[in-house]
Amino acid sequence: MTRKYWYGPIRSRRLGRSLGVDVIPHKTCSLDCVYCECGATNSLTLERKEYFPTNEIIDSLDDILKQISDLDYITFAGSGEPTLHTGLGKIIGFLKEKYPQFKVAVLTNATLLNDPDVIEDLAKADLIVPSLDAVSGEAFEKINRPAKNISPETIISGIKNLKNSFHGEIWLEIFIIPGINDHETELDLFKDAISKLGIKKVQLNTLDRPGAVSWLKPVSKEYKKEIASKLGDVEIVNRE
């Protein structure tokens with residue numbers, strides 16, 4: 001086998017004991033987020049294709065999962081946007097058929113959720129966690145540095161499309177960057193978007209590892225509580 005496509009299991013802040021799955025080449029993504037702990041995106045793209053052989057990924061996961069009995073989630077995340085891989089649906093289908101005792105989660109930046117093929121690929125997952133980091137165009141450009149033709153409206157409409165089509169759980173993640181998306185106007189836009197999307201579980205995240213830019217710094221627990229109180233009923237994600 002030329003490479004493995006998994007890491008861990010690790011103790012996830014949100015998902016318990018999780019086996020991570022990485023199906024995309026390092027930093028191939030539709031966004032170039034300033035907070036990404038994997039560094040700057042070196043291939044900014046919206047092209048969906050079979051970046052790595054699907055059957056090779058399945059064989060790699062089969063090999064490790066035969067050895068694991070204690071696991072809360074198999075989580076698609078890693079160093080790129082997982083929905084860019086056209087074999088995602090086949091891989092999830094394999095996992096749910098052969099290892100139904102494990103839940104499958106997909107962490108996504110939500111840029112491709114208007115694509116019906118992506119929605120179909122995600123259908124058998126148990127949990128989808130889309131990100132919404134800004135509602136205004138100015139904040140979005142500063143934080144997410146997107147591929148062409150991606151906007152906050154793209155993200156929000158994609159999440160709405162997912163909610164209307166997906167039968168599993170959806171948790172919405174909001175990543176706060178001090179000085180960019182934490183002022184009252186932006187927080188009001190977040191509150192309005194959350195209300196319209198109707199997603200019950202919203203998680204507030206902030207930097208806890210070095211990001212892609214040097215000026216971004218971690219924030220205090222008190223600051224997170226302050227922002228959470230302004231957003232309403234949200235759950236703060238803290239490192240354990």
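It should be noted that the structure appears before, not after, this text.
Quantities reported herein were computed from a predicted structural model and do not represent experimental measurements.

A. Looking closely at the packing of aromatic side chains. Applying the stated criterion across every chain, the model contains 4 aromatic pairs. For the ring pair Tyr-99 and Phe-102, a centre distance of 6.4 Å and an interplane angle of 15° mean the geometry is stacked. A relative accessible area of 2% places Phe-102 in the buried class. Members of the aromatic cluster, each reached through a chain of ring pairs, are Phe-94, Tyr-99 and Phe-102. Positioned above the aromatic ring of Trp-6, the side-chain terminus of Lys-4 is 4.4 Å from the ring centre.

B. Region of the structure containing the packing of helix α6 (residues 184-197) against helix α7 (residues 221-231). Where α6 contacts α7, the two axes come as close as 9 Å, and the packing angle between them is 55°. Considering the angle they form, α6 stands oblique to α7. Residues Glu-184, Leu-187, Phe-190 and Lys-191 of α6 form the contact with α7, whose own contacting residues are Ile-227, Lys-230 and Leu-231. Looking at side-chain class alone, the contact of α6 with α7 contains 4 nonpolar, no polar and 3 charged residues.

C. Structural view of the pattern of salt bridges. Enumeration according to the criterion identifies 12 salt bridges in this entry. Across the pair Asp-192 and Lys-196 runs a salt bridge, and its minimum N-O distance is 3.2 Å. Here the residue Asp-192 and the residue Lys-196 both occupy positions in helix α6, the gap between them amounting to 4 residues, near one helical turn. According to the relative accessible area criterion, Asp-192 is partly exposed, its value standing at 38%. In this structure Lys-196 comes out as exposed when scored by relative accessible area, which is 61%. A single salt-bridge network, built from bridges that share partners, covers Asp-62, Lys-66 and Lys-98.

D. Looking closely at the environment of Tyr-51. Relative to the helices and strands, Tyr-51 is located in the loop between β4 (43-44) and α1 (54-65). Looking at Tyr-51, the relative accessible area reads 16%, which means it is buried. It is 8.2 Å that separates the C-alpha atoms of Tyr-51 and Leu-84, two residues lying 33 residues apart in sequence. In this structure, Tyr-51 is in contact with Val-23, Ile-24, Pro-25, Thr-28, Thr-45, Leu-84 and His-85, ignoring residues within four places of it in sequence.

E. Representation of the environment of Ala-110 within the structure. Examined against the element boundaries, Ala-110 turns out to sit in the loop between β6 (103-108) and α3 (116-122). With 123 residues separating them in the primary sequence, Ala-110 and Asp-233 have C-alpha atoms 22 Å apart.

F. Quick look at the nonpolar core. One finds Leu-61, Leu-65, Phe-76, Leu-95, Leu-132 and Ile-159 to be the most contacted residues of the largest nonpolar core, which totals 74 residues. Apart from the residues lying within four places of it in its own chain, the contact partners of Phe-76 are Val-21, Val-23, Pro-82, Leu-88, Ile-91, Ile-92, Leu-95, Val-104, Ala-105, Val-106 and Leu-107. Grouped together as the second largest cluster of nonpolar side chains are 6 residues, Ala-105, Leu-127, Val-129 and Trp-171 included.

Thresholds applied
Residues numbered from 1 in each chain as written. Predicted model: local features only at pLDDT ≥ 70, side-chain atom pairs only at ≥ 80, totals over all residues. Heavy atoms only, no water. Phe/Tyr/Trp six-rings, centres within 6.5 Å; stacked < 30°, edge-to-face > 60°. Buried < 20%, exposed > 50% of the residue type's maximum accessible area, 1.4 Å probe, protein only. Lys NZ or Arg CZ within 6 Å of the ring centre and 35° of its normal. Axes fitted to C-alpha atoms, helices over the stretch in contact; angles between N-to-C directions. Helix = DSSP H or I, 4+ residues; strand = E, 2+ residues; numbered from the N terminus. Parallel < 35°, antiparallel > 145°, perpendicular 65-115°, else oblique. Contact = heavy atoms within 4.5 Å. Nonpolar A, V, L, I, M, F, W, Y, C, P; charged D, E, K, R; others polar. Salt bridge = Lys/Arg side-chain N within 4 Å of Asp/Glu carboxyl O. Core = buried A, V, L, I, M, F, W, Y, C linked by side-chain atoms within 4.5 Å.

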